[in-house]
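Report on the structure
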Amino acid sequence: MIDHTNNMNNPYDSPPVSPRYTALGPNSPTLSSAQQIHLQPPTTPFGEIKLIGAGPGDPDLLTMAAYKAITTWADIVLADKLVSKEILALVKCPLFVANKDKGCQASGQQELFERATQALKEGKKVVRLKQGDPFIFGRGGEEFLFFRRLGYETTIVPGLSSSIAGPLLAQIPLTHRGIASQFLVCTGTGKLDTIPDMPTYVAHRTTVFLMALHRLEDLVQDLLRAGYPLNLPVAIVERASAKDQRCIRATVETVVETLKEAKYRPPGILIVGWACDALAQNPEQLGGLTAASSTMMDSQE
Amino acid sequence: MVRSAIDPIRPGASLILAWQIKHKHVVIIGGGFVAAGRLVNVLEADAKVTVICPDNEELSETVRQHLQDHPQTTRLVPREFQDTDLTTPFGEHTLTKVSSASSIFTLEDYPATTATTTAAATATPISSNSSVSSAQGSPALSAASTTTTLESTLSLDDPLEDAISGPAVDMVLSAIDDIPLSTHIYNLCKRLRIPVNIADVPPQCDFYFCSTHRDKSLQVAVSTSGKGPKLANLVRRHIADHLPDRVGDAIEQVGILRAKLRKMAPGPEVGPKRMGWMSRVCEQWRMEDLATLEERTMQIVLSGFKDNVVFSYEQVQAKIAEAESTAAESEKIESKVTVAEDLAADHTIAQDTLAQKTARLVLVGAGPGDPELLTLKAARLLEEADLVVADRLIPMEVIDLAKGEVRIAPKKRTVLTVEQKSSIDDQDSLSTATTSDDIQEQLNKWCLQGLREGKTVVRLKQGDPFIFGRGAEEILFFREHGFDAEVVPGISSVLSAPLSANVPLTHRGSSSQVVITTGQVKGGRLSDNFPVYDDQKTVVVLMGVGKAKEISEMMQTDLSWPANVPAVIIENAHCANERAMDATLSTLAQVVEEQNVVPPSVFVIGWAGSVLRQA
């Protein structure tokens, strides 16, 4: 079935004509016996899989490719729990959302793999939808390898990673001339809840921590040990791109207290570096809250 | 050019024409990848296409996708070929098995009798609802149908022109490997006088498909008269590789310039002057300069026509600079006043107040280039904007989504990026310096102008506006002028280029941190912010092509990176000419040199490079 793909690059040549058409139908008088072999239904239908980044949550921030894939292309969509409800509402075909609550991560992933494998064996077009970008702390590489072992090459569609879109939506430039010439993205949680290696302090770098806010107190200690100054600006962007997005600004010194007062609502990212204040408009903003909207909804819980 | 002798006739060639198949009806039989190639060819020429393929399962993904994407101009007839397919107009195929006596088609019948179309006609296009309705709406519109009344024609929402157009089918492309059926189709077409191409059977082709290269309006076709398609392909690639940069854009802009000239000097009496002047413009301007023509520069160029003068590119740029410095002068005075005195500032803002009510500025990330990777929001804003001010390297496919005015950044006359300085050795260009700062200033000015007119302005930036895009600087600039910008994130190539080359920037066990850095800082110096070796760290380097050797040496000697760490080089990510090359840290510079790597490229250095890439 897939032996034509090698030639797909070159549709303008006149290579051998596709044998696909040999499925003219059993009544076709023109089939030779050799061609009739092709009429046997293939024993294993060959599905297709796309691994797609859904972006930070706002359906408007889906890529065109992602939108088309989930609305018209897919036969089944397998999504992570963190993909927003608004995006999941666009899905027209059967949808399965993995349960990856704490303690269930492994089994949730396992079930997802099983469903995907089943659908692929049935020849279906599978969309594996992940929040953000599939290759930025999304375990996308592992899934890619899993499906490759089954004989499927996954098409990967990048999505807006909240590590980049989150700061932007809070008007924080990760790079800014004279302030930051590089940025680093890492997690605040290592494998099996261990503490990850803390990157050393570099003045011209903005650091974005994902999955860090539940252990913020420890993380601040790590920061200080790694040489981050007390007065270094930090920002927390909660629920980036959602209607109730909020940005909390503080410094390394004050962030724990500020977050306590603000009552953290996951998910959120932590941004550390001088660029946090590059666009800050006024002093009040530097030590407090900037809510994108006054309506605080719990829609994303 | 004067020829002294008449060239002799050299028989045996094909007649190469540019077939205007727009809005005409093409029937493709087959759904495999040959059919896919044909479908692309005719859709790009704006034809209406019926694809006949018996089984949905047999459709190639390309065909399926195009059918989905073009519900107005494509129809799928999911059944075997029937003779009546060659007499059925676009959108009027019946899905049900034809059973009535009138359906039995004989060659002798044509063209006196009609194709079978019944009121119950139900074509089933693959996806769109709109195509269902239009297919059902015109069951009686068969051109060959003698029973169709004028009333019924008029009562339908299909345009009348469809009903009075010529034959039902204008071209037939068979892409199946069933030789008897192909021959049958060929014979039918001959009888019906429909031009036909039977794939892979040259004797049964009225025409062959050329190997083509397309860059907007420019199409280069290579024919070997059916003798060597593969060779045609190689020749085509060779030609394409040797075309000047942006020739497609140049042709587009010259097309616009010609139209403007014709409008300005329409008379037939000035025809020769017009032609002569246009030729001189085309000859005297370099291709890449022609490509930069836009509304304002065209006006300046056209102003020379009266005196039959062709201004050079440099002259035009000088005139613009002159006009702008005058404008800038007055602006400077303005801003001095605003700094000096609050009252004056209030005044300036008061002037803008009216415009501000409707003015809207949005910084939009265009992503890495592929229009499919635009966000829905970006695509919508492009459509809504009154004015789009775009970075220079954004592909036309993206810019074409804009419905309002579009202004594209002028080309840098010295260096585009620090990186290009090292790859281009062009001393001449230094004489007419346009730095990135100049360009930035120009773009800001265009935006400001639009805003003051109360327009919705989209500032379209490559990738993500805040990732090495100077977006934040622009926000500060416009804020100073009283306008708050919204920002829409885009997919940054720093993340998507590795993804495109199957390099996961994070991967359990291989990479838990990603550092994204420029290879050079201001002034072309090597950035000294590279991280110390960590086997869980991946480094993405932008603008590193000219500094590959230094980066590799510094990371190995000063920062303890092992020589054998994978280094993946991705050039022109997400573009048609994307290349991904594997090296190690120690061979990085060598591969860059041997493979002649050019910007824009990124390096991905770290063990994540070997996770998914297969040797």
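Residues numbered from 1 in each chain as written. Chains lettered and ligands numbered in written order. Predicted model: local features only at pLDDT ≥ 70, side-chain atom pairs only at ≥ 80, totals over all residues.

Labelled according to an unreviewed UniProt entry, chain B appears under the name precorrin-2 dehydrogenase, originating from Linnemannia schmuckeri. Per UniProt, chain B has the following entry under Sequence similarities (unreviewed entry): "Belongs to the precorrin methyltransferase family." (UniProt positions renumbered as here; feature names shortened; annotations may be inferred.)

By the naming in an unreviewed UniProt entry, chain A is uroporphyrinogen-III C-methyltransferase, taken from Linnemannia schmuckeri. Regarding chain A, the UniProt comment filed under Sequence similarities (unreviewed entry) reads as follows: "Belongs to the precorrin methyltransferase family." Its UniProt record, at the heading Catalytic activity (unreviewed entry), says of chain A: "uroporphyrinogen III + 2 S-adenosyl-L-methionine = precorrin-2 + 2 S-adenosyl-L-homocysteine + H(+)".

Before going further, it helps to spend a moment on the overall build of chain B. Looking only at helices and strands, chain B features 21 helices and 19 strands. Taking the intrachain contacts of chain B between residues at least 6 apart in sequence as the baseline, contacts between residues at least 24 apart amount to 65%. (Helix = DSSP H or I, 4+ residues; strand = E, 2+ residues; numbered from the N terminus. Contact = placed C-beta atoms within 7 Å.)

Along chain A, the regular secondary structure elements total nine helices and 11 strands. Within the span of chain A, comprising 301 residues, buried residues form 47% of the whole. Partitioning the intrachain contacts of chain A with sequence separation of at least 6 by distance along the chain shows that 67% fall at a separation of at least 24. (Buried ≥ 20, exposed ≤ 12 C-beta atoms within 10 Å, placed from the backbone.)

We now examine the packing of helix 7 (residues 216-225) of chain A against helix 8 (residues 255-262) of chain A. Residues and elements named next belong to chain A. Between helix 7 and helix 8, the least distance of the axes is 10 Å, while the angle of their chain directions is 160°. Classified by the angle between their axes, helix 7 and helix 8 sit roughly antiparallel to one another. The element helix 7 and its partner helix 8 pack so that their crossing is right-handed. Residues L216, E217 and V220 of helix 7 pack against V255, V256 and L259 of helix 8. (Axes fitted to C-alpha atoms, helices over the stretch in contact; angles between N-to-C directions. Parallel < 35°, antiparallel > 145°, perpendicular 65-115°, else oblique. Left-handed = near helix turned anticlockwise from the far one by under 90°.)

All names here are of chain B. Most of strand 1 (residues 25-29) is tucked away, with five of its five residues classed as buried. Relative to strand 2 (residues 48-52), strand 1 is paired through five bridges, and the arrangement is parallel. Paired with V26 across the bridge in strand 2 is V49. Handedness of the crossover joining strand 1 and strand 2 through helix 1 (residues 33-44) is recorded here as right-handed. (Pairing = 2+ DSSP bridges. Right-handed = clockwise from strand over helix to strand, strands pointing away.)

On to the packing of helix 8 (residues 247-264) of chain B against helix 11 (residues 295-302) of chain B, then. Residue and element names in this part refer to chain B. At a minimum axis separation of 11 Å, helix 8 and helix 11 run at an interaxial angle of 50°. Accordingly, the angle class assigned to the pair helix 8 and helix 11 is oblique. Relative to helix 11, helix 8 is oriented so that their crossing is right-handed. Counted together, I256, L257, K260, L261 and M264 of helix 8 and M298, V301 and L302 of helix 11 form the full contact between these two elements. Its residues placed into classes, the contact of helix 8 with helix 11 shows seven nonpolar, no polar and one charged. (Nonpolar A, V, L, I, M, F, W, Y, C, P; charged D, E, K, R; others polar.)

With that out of the way, let us pick up helix 8 of chain B. Residue and element names in this part refer to chain B. In a regular helix each residue adds 1.5 Å, so 18 residues correspond to 26 Å; helix 8 covers 25 Å between its end C-alpha atoms and thus fits that length. For helix 8, every residue scored as buried is listed here: D249, A250, Q253, V254 and L261. The buried residues of helix 8 occupy one face: seen down the axis, they fall within an arc of 125°. Residues of helix 8 that are exposed and point over 90 degrees away from its buried face: G255, A259 and K263. Against the buried residues of helix 8 lie helix 9 (271-284), helix 10 (287-290), helix 11 and helix 15 (396-399). (Expected span 1.5 Å × (residues − 1). Arc of directions from axis to C-beta.)

The next thing to look at is the sheet that holds strand 12 (residues 485-488) of chain B. All names here are of chain B. The strand order 10-9-11-8-12 describes an open sheet built from five strands, whose pairing is parallel. Single-partner strands in this sheet number two, and they are strand 10 (405-408) and strand 12. Here the strands of the sheet are splayed against their neighbours by 20° on average, with no regard to which way each runs. Judged from the four bridges that link them, strand 8 (residues 360-365) and strand 12 form a sheet pairing that is parallel.

Another point: the environment of B:L542. By the element assignment, B:L542 lies in strand 16 (residues 537-542). The contacts of B:L542, once residues within four sequence positions are left out, are B:F468, B:V494, B:T518, B:G519 and B:V602.

What follows concerns the sheet that holds strand 2 of chain B. Residues and elements named next belong to chain B. Read from one edge to the other, the open sheet built from five strands follows the order 3-2-1-4-5, with strand pairing classed as parallel. Where the open sheet ends on each side, the last strands, each with one partner, are strand 3 (74-77) and strand 5 (196-198). Averaged over all adjacent pairs, the angle separating strand axes in this sheet is 15°, with direction ignored. Summarising the sheet, strand 2 and strand 3 pair through four bridges and their orientation is parallel. The residue bridging V49 from the neighbouring strand is T74, located in strand 3. Contacts between helix 1 and the sheet are confined to strand 1, strand 2 and strand 4 (171-174), with strand 2 contributing the most and set at about 165° to the helix.

Note on soluble globular proteins: their nonpolar side chains tend to be buried together. Core analysis: the largest hydrophobic core is formed by 154 residues, its most contacted members being A:A235 and A:I271. Broken down by element, the residue count for this core peaks at six residues, all from helix 2 (residues 64-73) of chain A. Apart from residues lying up to four places away in sequence, A:I271 is in contact with A:P167, A:I172, A:T206, A:V208, A:V234, A:A235, A:V237 and A:C276. Formed by 38 residues, the second largest nonpolar core is a distinct cluster that contains B:A36, B:C53, B:V77 and B:A168. (Core = buried A, V, L, I, M, F, W, Y, C linked by C-beta atoms within 7 Å.)

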